[in-house]
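Structural characterization, general
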Amino acid sequence: MEQPSSPPRESPPSPPAAPTPAAPTPSPPPLVVNRDCVCCCDGLIVQNGRNFERSGPPYRIMFFRRNFWEDFNGEAVESMRSGFLEGKAVVPLEIEGVKYAIDFARMVQVHLGCGEQRSIAWIDNKNTPFFPKQFLHHDFSENAQPVITDRKGKGKMVSEEGHFSGPLKRLRLTPTSKFPNAKLLSKNDKTYAYFSSLFLNNMAKFDNGAVITDIHEFQISEPLARARWLVLEKEIETTRRVRGDANVVFGWYAATKETVASIFSHGFSLPRISFGLPLSIRAGMCLADLESPNYSATQCQVDKDGEKHLILCRVVLGSVEKMELEFNLTGPCREEYDTGSNDPCDPKWYMVWNNDINRRILPMCVVSCKTSAVEPVRWNEYSYEFPAGFPKLILELKKCIPLSRVGALGNLYNSFKTRREMVRSTFMKHLQDITGEELLFKVAKEVFGR
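Calculation notes
- Residues numbered from 1 in each chain as written.
- Predicted model: local features only at pLDDT ≥ 70, side-chain atom pairs only at ≥ 80, totals over all residues.
- Heavy atoms only, no water.
- Helix = DSSP H or I, 4+ residues; strand = E, 2+ residues; numbered from the N terminus.
- Buried < 20%, exposed > 50% of the residue type's maximum accessible area, 1.4 Å probe, protein only.
- Contact = heavy atoms within 4.5 Å.
- Areas by Shrake-Rupley, 256 points an atom, 1.4 Å probe, with all protein chains shown as cover.
- Expected span 1.5 Å × (residues − 1).
- Arc of directions from axis to C-beta.
- Core = buried A, V, L, I, M, F, W, Y, C linked by side-chain atoms within 4.5 Å.
- pLDDT = per-residue confidence, 0-100.
- Axes fitted to C-alpha atoms, helices over the stretch in contact; angles between N-to-C directions.
- Parallel < 35°, antiparallel > 145°, perpendicular 65-115°, else oblique.
- Left-handed = near helix turned anticlockwise from the far one by under 90°.
- Nonpolar A, V, L, I, M, F, W, Y, C, P; charged D, E, K, R; others polar.
- Pairing = 2+ DSSP bridges.

**What about the overall build of the chain?**
The number of helices and strands found in the chain is 10 helices and 20 strands. Counting across all 450 residues of the chain, residues that qualify as buried make up 50%. A fraction of 67% describes how many contacts in the chain between residues 6 or more apart in sequence connect residues 24 or more apart. Counting only carbon and sulfur atoms, one obtains 52% of the accessible surface of the chain, whose full area is about 22,200 Å².

Okay, structure coming up:
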């Protein structure tokens, strides 16, 4: 039976827009740089200028220092955002008496006293991130030297004359995060407020007493993490070109502390689940819809110390088909579908298949919390309801099998309807023994259109 494709999902609520300033921002003073810097700037505008053209108003703006992305404070962000809204590619900025120029077209912050630069990035009001092609480090301290990091993560020091002076010895901040490639967010951080509101507003329907213990934001400064982000962006472009809409949504994935560390370090991998559970659960990643975080542990175990860890992910759904986890599917039923859901029009969870998990899913942060609403599903006690058309499947099978097996098929079907302790996989095994695998799949395809 033809299944409808999913309509586009609404984006999560964006932070409120900044007020428009009463007076226009003054034009920036002229910036004097040497010839080498001009060549570098020309290259940067070629690489990054398109980001400024296609971005919406930024609600979060960051600068790159010591191999980490750090946030500008709220007052600085409001000033830069106002200039962006006026269409200014370069916005003057003063922080603690020091004057800078924020160049959105080249994606750099320029120190007007010494002419040094470092990269900037931002996330716009549609939750789309914009990062430069190359990351330029500088902490603007008296003796610091800038560092350029390319897309492969290789860096070189730049001398005062603007020439490369050798391999980069990377600087690291003292780690304060319990997860790799992650930044522990302060409760006063604007990003913390945004992520916490997404979690608490949607969890309140299931557990009004849920408490957040901390939030760690996934960082893309490392080469592998940056490559994963680039892969997701490429998948968005490809899916939009093929399907017309990439259908990018937020989804929750619950995991143990060790699993979160592995995902942040190396990417997603299929969970180790014992044999005998529904095949669909072992064939892809099952994520809860943004508004249904209680479904986030459909596939995973959770820590026993009272703290749960929910990873908020960006998910590229593309075209979504309606499916049941009990169907034992291992991929889309037709080429026009990319992912699955319990209901594309009112989803509780999504299924991203094995071959696509690291192309269609990217972590944004992990919310550590205490809640009773997130518990692993006990599949051997799962209350399974036969999908529409299943009685017709049994009827059609009875017409195709030898008369001597019709009674056994009827008894098996009636037994499973009345005895819920029979595991779904056990029922399917007995059904295949009676009908034969080839006949079962052939008739099922005719009945369900798959």
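**A few points about helix H10 (residues 437–448)**
With 12 residues, H10 ought to run about 16 Å at 1.5 Å a step, and its terminal C-alpha atoms sit 16 Å apart, in line with that. Every buried residue of H10 is accounted for by Leu-440, Val-443, Ala-444, Val-447 and Phe-448. Mapping the buried residues of H10 onto a view down its axis gives an arc of 115°, with all of them on the same face. For H10, exposure combined with an orientation more than 90 degrees from the buried face picks out Glu-438, Lys-442, Lys-445 and Glu-446.

**Focus on the nonpolar core**
Core analysis: the biggest nonpolar cluster contains 62 residues, and Phe-195, Phe-199, Phe-264 and Ile-361 have the highest contact counts within it. For this core, the element with the highest residue contribution is strand E20 (residues 361–370), accounting for seven residues. When sequence neighbours within four positions are dropped, the list of residues in contact with Phe-264 reads Phe-179, Pro-180, Asn-181, Ala-182, Phe-218, Arg-228, Ile-311, Pro-363, Cys-365 and Val-366.

**A look at unusual backbone geometry**
A positive phi is found at Glu-96, a non-glycine position, where the angle reads about 55°. Structurally, Glu-96 can be placed in the loop between strand E3 (90–95) and strand E4 (98–103). Judged by its relative accessible area of 80%, Glu-96 falls in the exposed class. Positive phi, close to 60°, is recorded for Met-107, a residue that is not glycine. Following the sequence through the fold, Met-107 ends up in the loop between E4 and strand E5 (108–111). Overall, the relative accessible area of 0% leaves Met-107 in the buried class.

**A look at the environment of Val-98**
Following the sequence through the fold, Val-98 ends up in strand E4. Sequence-wise, Val-98 and Gly-113 are 15 residues apart; in three dimensions their C-alpha atoms are separated by 7.9 Å. If we skip the residues at most four places from it in the chain, Val-98 touches Leu-93 and His-111.

**Quick look at the confidence of the model for the chain**
Residues of the chain with pLDDT of at least 70 account for 70%, and the chain-wide mean is 75. Scored below 50 in pLDDT, residues 13–42 makes 34 contacts in the model with residues more than four places away or belonging to other chains. Note that pLDDT drops below 50 for residues 142–175; the model gives that stretch 77 contacts with residues more than four away or on any other chain.

**Describing the packing of helix H7 (residues 390–400) against H10**
Relative orientation of the contacting elements H7 and H10 amounts to 135°, with a least axis distance of 10 Å. In terms of axis orientation, H7 runs oblique to H10. In terms of crossing hand, the pair formed by H7 and H10 is right-handed. Of the residues in H10, those in contact with Phe-390, Lys-392, Leu-393, Glu-396, Leu-397 and Cys-400 of H7 are Leu-439, Leu-440, Val-443, Ala-444, Val-447 and Phe-448. Split into classes, the residues belonging to the contact of H7 with H10 amount to 10 nonpolar, no polar and two charged.

**Thoughts on the sheet that holds strand E15 (residues 284–289)**
Ordered by their spatial adjacency, nine strands build an open sheet running E12-E13-E20-E16-E14-E15-E19-E18-E17, and the pairing between neighbours is mixed. Bordering the open sheet on either side are strand E12 (182–184) and strand E17 (320–322), each of which pairs with just one other strand. For this sheet the average axis-to-axis angle between neighbouring strands, irrespective of direction, equals 35°. In the sheet, strand E14 (residues 248–255) pairs with E15 via two bridges, with the strands oriented antiparallel. When the bridges of E15 are listed, Gly-251 appears paired with Asp-289. Taken strand by strand, helix H3 (residues 190–203) contacts strand E13 (211–218), E14, strand E16 (308–316) and E20, and its axis lies near 130° from that of E13. Helix-sheet contacts for helix H4 (residues 223–243) involve E13, E14, E16 and E20, and the interaxial angle to E16 is about 45°.

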